[in-house]
There are 4 protein chains.
Amino acid sequence: MTADDKRRRILEAAVRVFAAQGYDASRVGDVAKEAGVAYGLVYHYYESKEAVLEAVFREAWGRLLAAVALAEETGANAAEQLELVVKIVLRAWRDDPDLVRLLVREVTRNPHIQDELDEIGQAFASLERMVSRGQADGTFRAELDPKLAAWMLYGALEEVLTGWVLGQLPDDASAVSAAERELTATMVGGMRT
Amino acid sequence: MTADDKRRRILEAAVRVFAAQGYDASRVGDVAKEAGVAYGLVYHYYESKEAVLEAVFREAWGRLLAAVALAEETGANAAEQLELVVKIVLRAWRDDPDLVRLLVREVTRNPHIQDELDEIGQAFASLERMVSRGQADGTFRAELDPKLAAWMLYGALEEVLTGWVLGQLPDDASAVSAAERELTATMVGGMRT
Amino acid sequence: MTADDKRRRILEAAVRVFAAQGYDASRVGDVAKEAGVAYGLVYHYYESKEAVLEAVFREAWGRLLAAVALAEETGANAAEQLELVVKIVLRAWRDDPDLVRLLVREVTRNPHIQDELDEIGQAFASLERMVSRGQADGTFRAELDPKLAAWMLYGALEEVLTGWVLGQLPDDASAVSAAERELTATMVGGMRT
Amino acid sequence: MTADDKRRRILEAAVRVFAAQGYDASRVGDVAKEAGVAYGLVYHYYESKEAVLEAVFREAWGRLLAAVALAEETGANAAEQLELVVKIVLRAWRDDPDLVRLLVREVTRNPHIQDELDEIGQAFASLERMVSRGQADGTFRAELDPKLAAWMLYGALEEVLTGWVLGQLPDDASAVSAAERELTATMVGGMRT
DNA sequence: GATGAATGAGATTTCATTCAT
DNA sequence: AATGAATGAAATCTCATTCAT
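Participant: So what's going on with the overall build of chain A? Residues and values would help.
Facilitator: The secondary structure content of chain A amounts to ten helices and zero strands. Expressed along its principal axes, the backbone C-alpha trace of chain A runs to roughly 60 × 30 × 30 Å. Expressed as a percentage of its 193 residues, the buried residues of chain A come to 53%. By sequence separation, contacts in chain A at least 24 residues apart represent 70% of the contacts at least 6 residues apart. Carbon together with sulfur atoms contributes 51% to the accessible area of chain A, which is approximately 8,400 Å² in total.

Listed below in structure tokens is the structure:
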């Protein structure tokens, strides 16, 4: 096994452990045990417990950002682009629920994480651009503030994920595709002229 | 100063401290110092640090719930009721931003809290009833799941508050009223047939 | 027992433990156990392990400084003043060998301790003044640099203490008074014209 | 580069690192990095971190001891021999201040080291013999204990070095030769009848 | 010989909670 | 009711040493 494999194993173990117990309640030793490595190795690869969390965030948001950027390139028009974003985000839950659970739980709680991650800002900027484009071509209401719209959309998305995370909303396959449809219909529909 | 005054001062200090530093990072001593009382007095009035958080939640949600219930009684129809809820929640920010900051950061994230507070569930149930009523009278789309709609609405609201909390969205008086209008237009509008 | 008693007991325990094992090899728990208090109480009174060492130094040097200042006032002439200093320092060994052992072992090793303790500088300045005075009245050689002389005297004193600390020099009562005589005869004698 | 070169580079790096940070605060990795070799290589050549310190001492004292032995052979009489020793020790500072800094800081303080290094004892024995010889030929006071005299001399010397190490005493060329003269005048002069 | 990843015991420090006054 | 000293379990982090390659 290469050294980078170990680094990756630690990161993936951290996602599982932090997701299951929350960041604060997780001990570094839990992460090491879950990764199947010695305690000290976590500190060989990462400066501190918080640096592990940051690395998780950085990568997760990196992936999400790539997906959103793809949506921005691929989508024919603003509405379709936003629809793609909704799909991408909601399907992330299906693909890696632990990671989503972690992001949902901790991002809001660690304010200084946010300062360091401009990937978050870039994702929001991308959403804003989509809304603006929709206003330019007359699809969306002109008086809507694109920044506010981006935050509302993100909030609705995140809360549906939270509902799934907390087991308060059904998250079987059909519920997930229904949520996709209804989120698009409501949020994108609500922006239309 | 009466005993109840001290109890209240501790509670209000806790709101400020938890809001500023987050619950986990706050020490009991910080709360005591902020309240201007002796360390041990916090334990005289509350069982534990977590009991303080719980008391804060209970009271805050109580107030919010009362407001939502009032909206349900007062509003002429579903759309108007939801509009009132949006107003109430967003204005809570203006009235007590620290409390809102605390709720936003901790409520959906602290699993322990949720078990004990079915008030949260009641607020969501109230929102659900409003959506259902709107579907019954043909205002809202029939295929919309009321529960999902309630979560989306709450998420959009919460995220706008978060934007204000983090200083990422403008929160002057005119921005707040614009947000009120646009949130209603988008979310309630998006639910319409 | 008053709170300050406990603080003092911790300080005195620290002197014994640091003297016996050396600062680096001593654990905070050893100090607590020696003082007969709980682990955390050390941190109730002192910021850190190093702060304890600093407090010991500050007090010990304070006492020494006071003694040297007294010698400066009391002594009839420069030679007599220096003789008094030799006596004071060597007798500190008899009175509190652990404290002397600690000072001898650690002062040179913790360079940044020295920055914080200008008491050390004051003691040296006092010695310098004595030498200068002796030069002024023709007792000591004029070409001797008073600062250098102060350092030489201190070094010879400290080394005799070290010999005692390490058990390499005899330290029974008669050896101690012989050392007093010979140190004075050699060092003060060596400065004379 | 030969294997012995590497061994030597590690030793010289250790002198610099231990001198700069102190032995306890120095990490094995610091020494390896300073030497420009791999972490593990330090352990290839030396049993442990302490073995490195020991090797440094052994060599340094070996050199010093040789110099003192030379002084004992070369010097015409006791006073001249001691004068030579003073010169040798003080000039070691000019030649390798890091090494001197390290010896000054650690040698008399690390109890473990002393047991293993009887070279230290030999150097002191050599000084004692010189003093005794001086007493035998009537140069030095008969009542002076040769062992105590050796320790005093060493202490005065060491302290002047310490003053230079700490930057508290001037150590330019003229100050160094003045110190040589004055140390001899005071210490050796003080022993005379 | 040379490398640096891997190990884990052990240290400091934190802080919720208890308790004597 | 009110105080704040006292407790000690539990966490993070360090780093000398080992070992596979």
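Picking up where we left off.
Participant: Requested: an account of the packing of aromatic side chains, with residues and values cited.
Facilitator: Geometry of an aromatic ring pair is reported as the spacing of the ring centres plus the angle between the planes. Per the counting criterion, the structure on display carries 19 aromatic pairs over all chains. With a centroid separation of 5.2 Å and 55° between ring planes, the pair formed by C:Phe124 and C:Tyr154 is classed as tilted. Of this pair, C:Phe124 sits in helix H8 (residues 118-136) while C:Tyr154 sits in helix H9 (residues 146-165), placing them 30 residues apart in sequence. Grouping residues by exposure puts C:Phe124 and C:Tyr154 together as buried. In textbook terms, an aromatic cluster arises when at least three aromatic residues are bridged by ring pairs, as seen for A:Trp61, A:Phe124, A:Trp151 and A:Tyr154.

Participant: Talk me through the interface of chain D and chain C; I want residue IDs and the actual numbers.
Facilitator: Counting residues at the interface gives 35 residues for chain D and 35 residues for chain C. Across the chain D to chain C interface the summed buried area is about 3,200 Å²; carbon plus sulfur atoms make up 65%. On inspection of chain D and its partner chain C, the count reaches zero salt bridges. Joining chain D to chain C, the criterion identifies four residue pairs in polar contact (both at pLDDT 80 or more). Contributions of two or more residues to the side of chain D that touches chain C are made by helix H6 (97-106), helix H9 (146-165) and helix H10 (173-191) of chain D. Broken down by element, the side of chain D that touches chain C gets its largest block of residues, twelve residues, from H9(D).

Participant: With reference to specific residues and values, describe the protein's contact with DNA strand F.
Facilitator: Close to DNA strand F lie 29 residues; A:Tyr43, B:His44, B:Tyr45, C:Tyr45 and D:Val28 are nearest. In the interface set of DNA strand F, defined as its atoms within 4 Å of the protein, sugar plus phosphate atoms amount to 68%. One of the backbone nitrogen or oxygen atoms of A:Val28 is found 3.2 Å away from a phosphate oxygen of DNA strand F. C:Tyr45 is positioned such that a nitrogen or oxygen atom in its side chain is 2.5 Å from a phosphate oxygen of DNA strand F. Residue assignment for the surface near DNA strand F shows that the elements contributing at least two residues are helix H3 (39-45) of chain A, helix H3 (39-45) of chain B, helix H3 (39-45) of chain C together with helix H3 (39-45) of chain D.

Participant: Break down helix H5 (residues 78-95) of chain A for me, citing the residues and quoting the values.
Facilitator: All names here are of chain A. Compared with an ideal rise of 1.5 Å per residue, which puts 18 residues at 26 Å, H5 spans 25 Å between its outermost C-alpha atoms and is within 8% of the ideal. Every buried residue of H5 is listed here: Ala 78, Ala 79, Gln 81, Leu 82, Val 85, Val 86, Val 89, Leu 90 and Trp 93. At the N-terminal boundary of H5, the capping side chain belongs to Asn 77, with an oxygen 3.2 Å from the backbone nitrogen of Ala 79.

Participant: Can you lay out the relation of the copies chain D and chain C for me, pointing to particular residues and giving the numbers?
Facilitator: Expressed as a screw transformation, the operator carrying chain D onto chain C has a rotation angle of 179° and an axial translation of 0.0 Å, and the superposed copies differ by an RMSD of 0.3 Å. With respect to symmetry, the two chain copies, as superposed, fit the operation of a two-fold axis. The position closest to the rotation axis in chain D is occupied by the C-alpha of D:Gly190, lying 1.8 Å away.

Participant: Explain the protein's contact with DNA strand E residue by residue, including any values.
Facilitator: Neighbouring DNA strand E are 28 residues; A:Tyr45, C:Tyr39, C:Tyr43, D:His44 and D:Tyr45 lie closest to it. Within the contact set of DNA strand E, a base nitrogen lies 3.1 Å away from a backbone nitrogen or oxygen of A:Gly40. At five residues, the largest contribution of residues to the surface near DNA strand E is made by H3(D). In terms of residue class, the surface near DNA strand E is built from 14 nonpolar, eight polar and six charged.

Participant: Tell me about the interface of chain B and chain A, residues and numbers included.
Facilitator: Tallying the contact residues gives 36 residues for chain B and 36 residues for chain A. Carbon and sulfur atoms supply 65% of the area that chain B and chain A bury against each other, a total of about 3,200 Å² over both sides. Run the count over chain B and chain A and you get zero salt bridges. Across the contact surface, chain B and chain A share four residue pairs in polar contact (both at pLDDT 80 or more). Looking at the side of chain B that touches chain A, the elements that each hand over two or more residues are helix H6 (97-106), helix H9 (146-165) and helix H10 (173-191) of chain B. At twelve residues, the largest contribution of residues to the side of chain B that touches chain A is made by H9(B). For the side of chain B that touches chain A, the per-class residue count stands at 16 nonpolar, nine polar and eleven charged.

Participant: Which residues make up the environment of D:Pro146, and what are the values?
Facilitator: Residue and element names in this part refer to chain D. For Pro 146, the location among the structural elements is in helix H9. Sequence separation of Pro 146 and Leu 82 is 64 residues, and the distance between their C-alpha atoms is 12 Å. Each residue touching Pro 146, except ones within four places of it in the same chain, is listed here: Glu 128, Val 131, Ser 132 and Gln 135.

Participant: Please set out the packing of helix H8 (residues 118-136) of chain B against H9(B) residue by residue, giving values where relevant.
Facilitator: Two measures define how a pair of helices packs: the angle their axes make with one another and the distance between the axes. Residues and elements named next belong to chain B. In the contact formed by H8 and H9, the axes pass within 8 Å of each other and the chain directions differ by 120°. Viewed along their axes, H8 and H9 adopt a mutual orientation that is oblique. Judged by the sense of rotation from one axis to the other, the crossing of H8 with H9 is right-handed. On H9, the residues that touch Phe 124, Leu 127, Glu 128, Val 131, Ser 132 and Gln 135 of H8 are Pro 146, Lys 147, Ala 149, Ala 150, Trp 151, Leu 153 and Tyr 154. Each residue belonging to the contact of H8 with H9 can be placed in one class, and the counts come to nine nonpolar, two polar and two charged.

Participant: Report on the arrangement of the chains, specifying residues and quantitative values.
Facilitator: As for chain C relative to chain A, no contact occurs, and the smallest C-alpha gap between them is 21 Å. Contact between chain B and chain D is absent, and the minimum C-alpha spacing across the pair is 31 Å.

Participant: Quick rundown of the environment of A:Gly189? Include the residues and the values.
Facilitator: Considering the arrangement of structural elements, one finds A:Gly189 in helix H10 (residues 173-191). Judged by its relative accessible area of 27%, A:Gly189 falls in the partly exposed class. Residues contacting A:Gly189, with those up to four places away along its chain left out, are A:Thr184 and B:Gly190.

The rules behind the values
Every chain is numbered independently, its residues counted from 1 as its sequence is written. Here the convention is simple: chains get letters from A, ligands get numbers from 1, in the order in which they are written. Residue-level local features of this predicted model are given only where pLDDT is at least 70; pairs of side-chain atoms are given and counted only at 80 or more, and the full residue set underlies all totals for whole chains, interfaces and linings. Excluded from the side-chain calculation are hydrogens and water; included are all heavy atoms of the structure. Per the convention used, a helix needs a DSSP run of H or I reaching at least four residues, while a strand needs a run of E reaching at least two, with both numbered from the N terminus. Working definition: with a 1.4 Å probe on protein chains only, accessible area under 20% of the residue-type maximum means buried, over 50% means exposed, and in between means partly exposed. The contact rule is simple, with two residues in contact once any of their heavy atoms fall within 4.5 Å. For the accessible areas, the method is Shrake-Rupley and the probe is 1.4 Å, while residue cover comes only from the protein chains on display. The aromatic pairing rule takes the rings of Phe, Tyr and Trp, using the six-membered ring of Trp, and pairs them if the centres are within 6.5 Å, calling planes under 30 degrees apart stacked, those over 60 edge-to-face and the rest tilted. Buried area is a sum: the accessible area each of two parts loses on coming together, probed at 1.4 Å, counted once for each and added. By convention in these notes, a salt bridge is any Lys or Arg side-chain nitrogen within 4 Å of a carboxyl oxygen on Asp or Glu. What qualifies as a polar contact is a pair of N or O atoms within 3.5 Å, subject to a donor-acceptor requirement within protein and to the restriction that residues adjacent in sequence count only when both atoms come from side chains. Residues are counted as near a molecule or strand when any one of their heavy atoms sits within 4 Å of it. Any helix carries an expected span of 1.5 Å times its number of residues minus one. Copy-to-copy superposition: least squares on the C-alpha atoms, limited to residues that have pLDDT of at least 70 in both copies. Each residue is assigned to one of three groups, with Ala, Val, Leu, Ile, Met, Phe, Trp, Tyr, Cys and Pro labelled nonpolar, Asp, Glu, Lys and Arg labelled charged, and all others, Gly among them, labelled polar. Lines fitted to C-alpha atoms define the axes, with helix axes restricted to the stretch in contact, and inter-axis angles between N-to-C directions lie between 0 and 180 degrees. Put simply, angles under 35 degrees are roughly parallel, angles over 145 are roughly antiparallel, angles from 65 to 115 are roughly perpendicular, and the rest are oblique. The sense of a crossing depends on the near helix, which, turned anticlockwise from the far helix by less than a right angle, makes the crossing left-handed and, turned clockwise, makes it right-handed.

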